[in-house]
Each structure stands twice: as C-alpha cells, then as structure tokens.
Amino acid sequence: MVARIYQPARNAMQSGQAKTREWILEFAPSERRVKDPLMGWTGSGDTQSQVRLTFESKEEAVSYAQKHGIAHSVELPKKRAHIIRPGGYGDNFAYARKSAWTH
C-alpha cells in the first residue's frame, strides 16, 4: 500500500493560508467502496484509508514513512503567485488620485 505525502491546498472559500503549512501522510485506498443495500451508505473494509497523519515538515513525514517501512510518494506543492495589480481597488479611494471620479 502506497502512502501519499503532500501539503494541502487552501480552501477556495478562504483567502488566508490557514492549515496549509502542515504536511499530510495519507494511504491510498486498497479496495473500492461499495454501497450498503439496506441503508444506502457507502463503505469498505479498508481501515488504512481512514488514517491521516499530520507533520510539521516534509522531512518528518518522509522519515516516519521510512522508519515504519511504508512505501510513499511525495507531492511537492505548487506555490501560489501573488497578484498585485497597480491601480487596484484601493486606489479608487486614494487621496492623491490622479484622475477624476467617473461616477
């Protein structure tokens, strides 16, 4: 069973970087989920898919996987580009505004 080590991306509904600095070790599912015929819930007998370990750094997560003999793959995060536009929304209210207010 292969574990995945990654740094989570931020939620689309948040502008901050909360909970994106930690590294997570998750196991890939070893069997597919099935629908329970009586209740309609989905489930599986794979208990490893419920395990989610958090670490403060990538090196800690990798050393944990190596220490316990867990096959792993590391996914490096894609850094977000900060968009800073000249003449953005805040410049509409600047005291030293160069153009007249249009509306």
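Residues numbered from 1 in each chain as written. Predicted model: local features only at pLDDT ≥ 70, side-chain atom pairs only at ≥ 80, totals over all residues. Heavy atoms only, no water.

(A) Structural detail: the packing of aromatic side chains. One pass over the structure, following the stated rule, counts one aromatic pair. Relative to Y64, the ring of F55 lies with its centre 5.5 Å away and its plane at 45 degrees, an arrangement referred to as tilted. Classification of F55 by relative accessible area gives buried; the value is 13%. Sitting over the ring of Y6, R4 keeps its end group 4.0 Å from the ring centre. (Phe/Tyr/Trp six-rings, centres within 6.5 Å; stacked < 30°, edge-to-face > 60°. Buried < 20%, exposed > 50% of the residue type's maximum accessible area, 1.4 Å probe, protein only. Lys NZ or Arg CZ within 6 Å of the ring centre and 35° of its normal.)

(B) View of the nonpolar core. Counting ten residues, the largest nonpolar core consists of A3, I5, W23, L25, F27, F55, A61, V62, A65 and I70. At the level of secondary structure, the elements contributing two or more residues to this core comprise β1 (2-6), β2 (23-27) and α1 (58-67). In this view, A3 contacts L25, E26, F27, I70, A71, H72 and S73; residues no more than four positions away in its chain are not counted. (Core = buried A, V, L, I, M, F, W, Y, C linked by side-chain atoms within 4.5 Å. Helix = DSSP H or I, 4+ residues; strand = E, 2+ residues; numbered from the N terminus. Contact = heavy atoms within 4.5 Å.)

(C) Region of the structure containing the sheet that holds strand β6 (residues 71-75). Ordered in space as β5-β2-β1-β6, the four strands form an open sheet in which the pairing is mixed. Both outer strands of the open sheet, β5 (52-55) and β6, are each paired with one neighbouring strand and no more. For this sheet, the mean angle separating the axes of adjacent strands, direction not counted, is 20 degrees. Direction of pairing for β1 relative to β2: antiparallel, over a ladder of four bridges. Opposite A3, over in β2, you have F27 as the bridge partner. Helix-sheet contacts for α1 involve β1, β2, β5 and β6, and the interaxial angle to β6 is about 165 degrees. (Pairing = 2+ DSSP bridges. Axes fitted to C-alpha atoms, helices over the stretch in contact; angles between N-to-C directions.)

(D) Layout of the layout of surface pockets. Here the largest pocket defines a volume of roughly 380 Å³. Grouping the constituent residues of the lining of the largest pocket by class yields three nonpolar, four polar and five charged. (1 Å grid on protein atoms, 1.4 Å probe; cavity = no way out; pocket = protein on both sides within 12 Å on 5 of 7 lines; lining within 4 Å. Points joined across faces, edges and corners; volume = space filled by probe spheres on them. Nonpolar A, V, L, I, M, F, W, Y, C, P; charged D, E, K, R; others polar.)

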